[in-house]
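Fold and contact review
What follows is the residue order along each chain.
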Amino acid sequence: MAVDETVQKQILQFAQGATALQIAYFGVAKNLFDHLGEAKSAGELAEAAGVDAGYCARWCDAAYAFEFLDESGDRFSLTPLGRAFVRTEPGSLFPAAVGSVLGAHMTERAAFYSATGERPGEKVLAERETILPLFGPMLEQSFGPLFQSEILPKVPVFAELNKRGGTVVDLGCGNGWYVRRLVKTCANLRGIGLDGFEENIRSAADLAEGEGIGDRVDFRSGDINEFSVEEPVDLIGMNRALHHVWNEKENVFRILHDHLKPGGSAVIWEPAWVEERSDLRKPGWKKLAVQNLNEFVQGNHLLRPTEIEEAFRQVGMTAQTYLFAGGTEAVIVGTRPG
């Protein structure tokens, strides 16, 4: 039985969109969109971005074909579609391009390792050299606005902590965007960021210096399971990091409890895994199914907020959940009794 023509068209549209984002990824990864603030020839663009002229010329052809670029004479300029991928543009959509290529890489790895059941861990993220430097900026652009406009104002613990001042720790900080935004918004806080990738730590420290808060944030390389501080802190945040260490949750939640002052809070921000499989077909939820497959390759799985609440209770902390983005994002605040 032949595939229905309507289904054929739908699949081909999916394929065309994926191909367009792959072309956009090349431009994002090599900063080609960013260097087209004014029209340039392919040779001038290659020199400005520091890429091979032959590769750049072929990319210009492909970007022109997908209407990211216009041409006048031998000079290329950005179309509105192309400008959407400039990383400094407000509301930039460059995370869509990064996510498309990262998703394809992770899905290929899932297909490969499914033959043996091996789950090699986070090293798969570093197998594509151009992706890792973009991972932190992708998360910042994707989730920073939600944090700033919704989570900070609506989760009371942040305002309460800023009133009295104190120290906040970000475990698994990546490029430090979460703790950097928190410290910039809450003038009475100091921050510590911990991450296992040295490249992330260097990037976070450079960004903090550039933002004028380098003296208020200390970034350190280390393992979450071995985290310690000289004295208890006021708040510990884990931004989309808990599912990476859920297999060691007993130790992680002991660390959270023991390194908080009495009355201090741990703020866990995680994608909220569904209670019912049928929820995955709702608008905005399909991405969680894809992420959960990709996380499995890394030895992880997404968590239900109720699981996190129970883990807090197991170490004697109270817990409250706040839902955002139509319920797909969960912030769970666990408080150590005063």
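See above for the structure.
One structure accompanies this document, and this report is about it.

How each quantity is defined
- Per-chain numbering applies: the sequence of each chain, read as written, is numbered from 1 onward.
- Local features in a predicted model are, by the rule used here, given only for residues with pLDDT of at least 70; side-chain atom pairs are given and counted only at 80 or more, and totals for whole chains, interfaces and linings are based on all residues.
- Side-chain metrics in this entry use all non-hydrogen atoms of the structure; hydrogen atoms and water are not considered.
- Salt bridges are defined by distance alone: a side-chain nitrogen of Lys or Arg within 4 Å of a carboxyl oxygen of Asp or Glu.
- Runs of H or I in DSSP of at least four residues are treated as helices and runs of E of at least two as strands, each being numbered from the N terminus.
- Only protein chains enter the calculation, and the probe is 1.4 Å; a residue is then buried if its accessible area is under 20% of its type maximum, exposed if over 50%, and partly exposed in between.
- In this description, strands pair whenever DSSP reports at least two bridges between them.
- Every angle, taken between N-to-C directions, lies between 0 and 180 degrees, and every axis is a line fitted to C-alpha atoms, over only the stretch in contact when it is a helix.
- When checking whether two residues touch, look at their non-hydrogen atoms; a contact exists if any pair is within 4.5 Å.
- Orientation categories follow fixed angle ranges, with anything under 35 degrees roughly parallel, anything over 145 roughly antiparallel, 65 to 115 roughly perpendicular, and all other angles oblique.
- Put simply, a crossing is left-handed when the front helix is turned counterclockwise from the back one by less than a right angle, and right-handed when it is turned clockwise.
- Stacked, tilted and edge-to-face are the three classes assigned to paired rings of Phe, Tyr and Trp, where Trp is represented by its six-membered ring and a pair needs centres within 6.5 Å; plane angles under 30 degrees give stacked, over 60 edge-to-face, the rest tilted.

Inspection of every chain in the model, using the stated rule, returns 16 salt bridges. A salt bridge links E140 to R181, with the nearest nitrogen and oxygen atoms 3.7 Å apart. With E140 in helix α6 (residues 132–154) and R181 in helix α8 (residues 177–185), the pair connects residues that are 41 residues apart, well separated along the chain. Classification of E140 as buried rests on a relative accessible area of 16%. Relative accessible area serves as the criterion here: at 19%, R181 is assigned to the buried category. Each member of the salt-bridge network shares a partner with another, and the members are E140, R180, R181, K184 and E211.

Before going further, it helps to examine the sheet that holds strand β5 (residues 189–195). One open sheet holds the seven strands; their spatial order is β6-β5-β4-β7-β8-β10-β9, and the pairing between them is mixed. This sheet does not close on itself; its edge strands, each paired only once, are β6 (217–221) and β9 (318–324). For this sheet the average axis-to-axis angle between neighbouring strands, irrespective of direction, equals 15 degrees. Docked against the sheet, helix α10 (residues 249–258) engages β4 (166–171), β7 (233–239) and β8 (260–271), running at close to 140 degrees with respect to β8.

Here three strands make up an open sheet; going across it, the order is β1-β3-β2 and the pairing antiparallel. Pairing within the sheet leaves two strands with one partner each, and these edge strands are β1 (40–41) and β2 (69–72). Sheet contacts for helix α3 (residues 53–65): β2 and β3 (75–78); angle to β2, the most-contacted strand, approximately 110 degrees.

To continue, consider the packing of helix α5 (residues 94–113) against helix α11 (residues 286–297). At their nearest, the axes of α5 and α11 sit 9 Å apart, and the two run at 55 degrees to each other. One finds that α5 runs oblique with respect to α11. Every pair of crossing elements has a handedness; the one defined by α5 and α11 is left-handed. Contact with α5, carried on its side by G103, M106, T107, R109, A110 and Y113, involves L293, N294 and V297 of α11 and no other residues of that element.

With that settled, the discussion passes to the packing of aromatic side chains. Counted by the stated rule, this structure contains 16 aromatic pairs. Ring centres of Y178 and W269 lie 6.4 Å apart, and the angle between their planes is 50 degrees; this geometry places the pair in the tilted category. Taken together, the positions of Y178 in helix α8 and W269 in strand β8 put the pair 91 residues apart, joining distant regions of the chain. When sorted by exposure, Y178 lands in the same class as W269, which is buried. Plain terms: the ring middles of F253 and F312 are 5.0 Å apart, the flat faces sit at 85 degrees to each other, and that makes the pair edge-to-face. Residue F253 is located in helix α10, and its partner F312 is located in helix α12 (residues 305–314); the two are separated by 59 residues in the primary sequence. Neither F253 nor F312 differs from the other in exposure class; each is buried. In textbook terms, an aromatic cluster arises when at least three aromatic residues are bridged by ring pairs, as seen for F143, F147, F158, W177, Y178 and W269.

Just geometry here; none of it tells us what the structure is for.
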